[in-house]
Amino acid sequence: AYMLAKWIEQGHHFGDLSIQIHYGSGNEQKLTSGVAWHTDAANSLLHLAVTLRGHRVLHSRRIQPSNDSTIRRPVRGQQPVEVLEKQQPGGVYLSSSTLMRHAPQFFDTDYEARSIAIHARFLYTSEEVNKFYHIRTNESWDKMTNVLASTLSTADVQIPSLAQVESQLLQMQA
């Protein structure tokens, strides 16, 4: 947990950016066969994705709380269910995709209708992540991931509007 807190304190959350562009054939066959399903590396303990154009669907397998539950803790023996979340321009999700099996679904599309998404994750050096894995124990990992999952599941995340982002940029340039 110390390394994760250090990365956040240093402003390294969302410092590793990648752009995912898809056009051409969809990946229905890979999705159906299971090849597309994965968990991410440690830098996606906190993962923010923004869809800029096109359409895709995020498939994930998660424990869903019961309708009468206000606490998002799994009931013993409860099995994950597949959740589908459509991603359209302006769509945003915040997850810990290191901890959840997921798969993006892409559709047949040409270049003009391509999908583009920005993914932001923790930025760290190879030395830092090696230290993170070296000092990690099963107990510390369980504690950290439980705190992270609990926090994300109950957080009231406020995503700024484009106008708010542009205003902040102007202030930074002044």
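What this report covers is the structure whose coordinates are included nearby. (Residues numbered from 1 in each chain as written. Predicted model: local features only at pLDDT ≥ 70, side-chain atom pairs only at ≥ 80, totals over all residues. Heavy atoms only, no water.)

When its secondary structure is counted, the chain shows 5 helices and 7 strands. Along the chain, helices and strands appear, N-terminal first, in the series α-β-α-β-β-β-β-β-β-α-α-α. Dimensions of the chain along its principal axes, counting C-alpha atoms only, are 50 × 50 × 35 Å. Counting the 174 residues in the chain, one finds 31% classified as buried. Here the chain displays about 11500 Å² of accessible surface, and carbon together with sulfur accounts for 53% of that area. (Helix = DSSP H or I, 4+ residues; strand = E, 2+ residues; numbered from the N terminus. Buried < 20%, exposed > 50% of the residue type's maximum accessible area, 1.4 Å probe, protein only. Areas by Shrake-Rupley, 256 points an atom, 1.4 Å probe, with all protein chains shown as cover.)

On to the pattern of salt bridges. Going through the model one piece at a time under the given rule, you end up with 2 salt bridges. The partner of Glu85 in a salt bridge is Arg62, and the shortest N-O contact between them spans 3.3 Å. Residue Glu85 is found in strand β4 (residues 81-87), and its partner Arg62 is found in strand β3 (residues 56-62); the two are separated by 23 residues along the sequence. For Glu139, the salt bridge identified is with Lys143, shortest N-O distance 3.3 Å. Here the residue Glu139 and the residue Lys143 both occupy positions in helix α4 (residues 138-154), the gap between them amounting to 4 residues, near one helical turn. For Glu139, a relative accessible area of 54% gives the class exposed. (Salt bridge = Lys/Arg side-chain N within 4 Å of Asp/Glu carboxyl O.)

Before going further, it helps to spend a moment on helix α3 (residues 126-135). Considered for burial, the residues of α3 that qualify are Glu128, Val129 and Phe132. The arc that holds every buried residue of α3, seen down its axis, measures 95°, which confines them to one face. The exposed residues of α3 that point more than 90 degrees off its buried face are Ser126, Glu127, Asn130 and His134. Here the buried face of α3 lies against α1 (2-9) and α4. (Arc of directions from axis to C-beta. Contact = heavy atoms within 4.5 Å.)

Attention shifts here to the sheet that holds β4. Sheet architecture is open: 3 strands sit in the order β4-β3-β6, paired in antiparallel fashion. Where the open sheet ends on each side, the last strands, each with one partner, are β4 and β6 (102-105). The mean angle between the axes of side-by-side strands here comes to 20°, regardless of whether they run parallel or antiparallel. Where β3 and β4 come together, 7 bridges link them in antiparallel fashion. Following the sheet pairing, Val57 is matched in β4 by Lys86. (Pairing = 2+ DSSP bridges. Axes fitted to C-alpha atoms, helices over the stretch in contact; angles between N-to-C directions.)

What follows concerns the sheet that holds strand β2 (residues 47-53). Read across the open sheet, the 4 strands follow the order β1-β7-β2-β5; overall the sheet is antiparallel. Edge positions in the open sheet fall to β1 (16-22) and β5 (92-95), since each of these has one partner strand only. Going from strand to strand, the sheet's axes swing by 20° on average, the running direction of each strand aside. In this structure, β2 lies alongside β5, joined through 4 bridges in antiparallel fashion. When the bridges of β5 are listed, Leu48 appears paired with Leu94.

Next up on the list: the side chain of Gln105. Residue position: Gln105 is located in strand β6. Within the structure, Gln105 has its side chain in polar contact with the side chain of Glu28 (distance 2.8 Å). (Polar contact = N/O pair within 3.5 Å; in protein donor to acceptor, adjacent residues only side chain to side chain.)

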